[in-house]
Amino acid sequence: MSAATLRPTLPDGVVAVVKRGCPTCELVAPVLRQLREAGVPLTVYTQDDPAFPEGTDPVDDTSLAMSWHHDIDTVPTLLRVFGGAEEARTEGWHRQRWEGLTGVSGLGEGLPETRPGCGSLSVDPNLAGELAVRFTGSRLRSRRIELAALEDEMEALFDRGWTDGLPVVPPTEARVLRMLEGTTREPDDVVAVAPPDLAPVTVEKVAVNAVMAGCKPEYLPVVLAAVEAACTDEFNIHGVLATTMPVGPVIIVNGPVRRRIGMNAGVNVLGQGNRANLTIGRALQLVIRNVGGGRPGEVDRAAHGNPGKLSFCFPEDEEGSPWEPLSVARGFAPGADVVTLFPGEGPRCVVDQASRDPESLASSLASALRTLHHPKLVLGFDAILVVGPEHARVFRDAGWGRAEVLAAIHERLTIPGSELVRGAGGIAEGVPEHLAAATLTKFRPGGLLLVHAGGGAGLFSAIIGGWANGAVGSQPTSREITR
Amino acid sequence: MTTILDPTSERTVATRERLARPSSLEGKVVGLLDISKPRGDVFLDRLEQRLVSVGATVRRFKKPTFTKPAPVDLRHEISTQCDVVIEALAD
């Protein structure tokens, strides 16, 4: 630990903390002199002017170390200390309390009985970042990089290969320390081992990349849960990254955290405009890029990719949903904050503005889902169906729960193998010939995830196609979000 | 001047010299690693025929799935049993 990090010991006796810029401190300056004259063992710390208050032999605390480490919120603060430990504290000027604390009566003749103090410089919002770095910066283990005076900060981060192609917020110590306030976890706590380099990812490294992505501290727990989920053998971010297919991690958020951090589950839910939606997904991808070492053209071999590989994160609209949240359907307690990761491509729209009964709508959705990746390829890929509120209303009115909707779609996607085998329909692509006599379903059991989200107007839903599923590739993976 | 924190893992990659290529495969043990991509076995079957015909001993290995790195045990097995390894990527 550096000297700045060490908590200075308080001297025994009476301790006062003051600043010249505070009228109440000016007011009590004669009282402090009176205490010294009365023989009280008094030490005065001064935050701004080392000469203030005259006649009290003040100790310079312009570094604010004493004030910061001893949680001085107000000046003047008067403390009584014995054996280095604080026994009593009073803030501002309050004759009775000052007399009680010092054991000297008749203090401050002619002064009002009480006068509130002023804010301590150690809690000045303008200094908060600088002081946090000064006094807690040594908690951070990351290498410090000093950018030259003539170096443009934004360009410097591009030049070092640390961005996803868009500008990032420079991760200064102050910003990273502020980000870490979003979690109770220690900075050196290892969250996961990130592919492809199999590098340990600490809470601190996640925080650094979350700063770069533009996250607020309150988003950090969501990012941490997403990183943890991504780096499991189950989700297999290595394969999701390395594949030639266009997928990336899609994050679905459930639980009260969605509203607490201001995520958007409504109009333009999968699009631009909401900071939480956009930066959480981006932070995960920056962790994989910067800590894991997964970069396009290197281990990332996507033939096309998709714009969602910059960031793809959205919450379910639980409040407007006819169904229990996705997280509850996946076994989590109602009210739990949960991320579910899915290896997904970009979304595509399903238009059906005519169906008013659930059978017709299920048929529409099924026929659109059948074309996923290829109309003749089945069972190998999962999908998310983002059901828009106006489509969900049709199911709600008919009393169809998640199970009924999924069963109806599966029923409509049960296909004779003869239609799917290689060569059928004049198309070489398809399932192996020996499956001609079989009956196959487009999706494996559990391979279709329903999520309710979107704007209130528009009889549309959206499909997000997946990637090689199951033990071969990736499983949708959920993790609870904890602070 | 701005001080920023390194967002990377801060690891330096160890570089290792490659082994010298054998001048002949005769008498060598050649490992053929099937990464479990469809039809990779077709390619490796043909390679095995060719290798055996030049006097190599062939051992076949298979990754559980092409989407994940080879398990540590499998890598160890290959490194201790083979002089040379050929990995097939096919579709």
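Residues numbered from 1 in each chain as written. Chains lettered and ligands numbered in written order. Predicted model: local features only at pLDDT ≥ 70, side-chain atom pairs only at ≥ 80, totals over all residues. Heavy atoms only, no water.

Participant: Would you mind showing me how to read the overall build of chain B here?
Facilitator: Each helix and strand in chain B was counted, giving two helices and four strands. Start at the N end of chain B and walk to the C end: the helices and strands fall as β-β-α-β-α-β. The C-alpha radius of gyration computed for chain B amounts to 18 Å, which surpasses the reference 12 Å derived for 91 residues by more than 25%, pointing to a less compact arrangement than a globule. Judged by the C-alpha coordinates and their principal axes, chain B covers about 65 × 30 × 20 Å. For chain B, the proportion of contacts with a sequence separation of at least 24, taken over those separated by at least 6, is 72%. Side-chain charges of chain B comprise 15 positive and 13 negative groups, with the mean position of each set lying 3 Å from the other. (Helix = DSSP H or I, 4+ residues; strand = E, 2+ residues; numbered from the N terminus. Rg over C-alpha atoms; globule rule 2.2 N^0.38 Å. Contact = heavy atoms within 4.5 Å. Lys, Arg positive; Asp, Glu negative; His and termini not counted. Charge placed at Lys NZ, Arg CZ, Asp CG, Glu CD.)

Participant: Just to check I follow, could you spell out the layout of surface pockets for this structure?
Facilitator: Regions of empty space are outlined by a rolling probe, equal in size to a water molecule, passed over the atoms. Residue and element names in this part refer to chain B. When its volume is computed, the second largest pocket comes out at roughly 1,100 Å³. In terms of lining residues, the second largest pocket is bounded by 22 residues, among which Arg18, Leu19, Asp83, Val84 and Val85 are the most central. The set of elements that each furnish at least two residues to the lining of the second largest pocket consists of α2 (72–81) and β4 (84–88). Broken down by element, the lining of the second largest pocket gets its largest block of residues, four residues, from β4. (1 Å grid on protein atoms, 1.4 Å probe; cavity = no way out; pocket = protein on both sides within 12 Å on 5 of 7 lines; lining within 4 Å. Points joined across faces, edges and corners; volume = space filled by probe spheres on them.)

Participant: Is there a simple way to explain the nonpolar core in this structure?
Facilitator: Side chains of a nonpolar character, in soluble globular proteins, are inclined to be buried together. All names here are of chain A. By size, the foremost hydrophobic cluster in this structure holds 63 residues, and its most contacted members are Val206, Val227, Ile251, Val253, Ile280 and Leu341. When residues in this core are grouped by element, the largest group, nine residues, is from helix α8 (residues 220–230). Setting aside anything within four residues of it in sequence, one finds Val206 in contact with Val191, Val201, Leu220, Val223, Leu224, Val227 and Val287. In this structure, Val40, Val44, Tyr45 and Val75 belong to the second largest nonpolar core, which totals 32 residues. (Core = buried A, V, L, I, M, F, W, Y, C linked by side-chain atoms within 4.5 Å. Buried < 20%, exposed > 50% of the residue type's maximum accessible area, 1.4 Å probe, protein only.)

Participant: What exactly am I supposed to notice about the sheet that holds strand β16 (residues 347–351) of chain A here?
Facilitator: Two pairing modes exist for strands in a sheet, parallel and antiparallel, and in both the strands are linked by backbone hydrogen bonds. All names here are of chain A. Ordered in space as β16-β21-β17-β20, the four strands form an open sheet in which the pairing is mixed. Edge positions in the sheet fall to β16 and β20 (448–452), since each of these pairs with one other strand and no more. The mean angle between the axes of side-by-side strands here comes to 25 degrees, regardless of whether they run parallel or antiparallel. Strand direction decides the pairing type here: β16 and strand β21 (residues 460–468), joined by five bridges, are antiparallel. Looking at the pairing, Val351 lines up with Phe460 of β21. Here helix α13 (residues 358–370) sits on the sheet and contacts β16, β17 (381–387), β20 and β21; the angle it forms with β16, its principal contact strand, is near 145 degrees. Contacting β16, β17, β20 and β21, helix α14 (residues 389–397) crosses the sheet at an angle of about 90 degrees to β17. (Pairing = 2+ DSSP bridges. Axes fitted to C-alpha atoms, helices over the stretch in contact; angles between N-to-C directions.)

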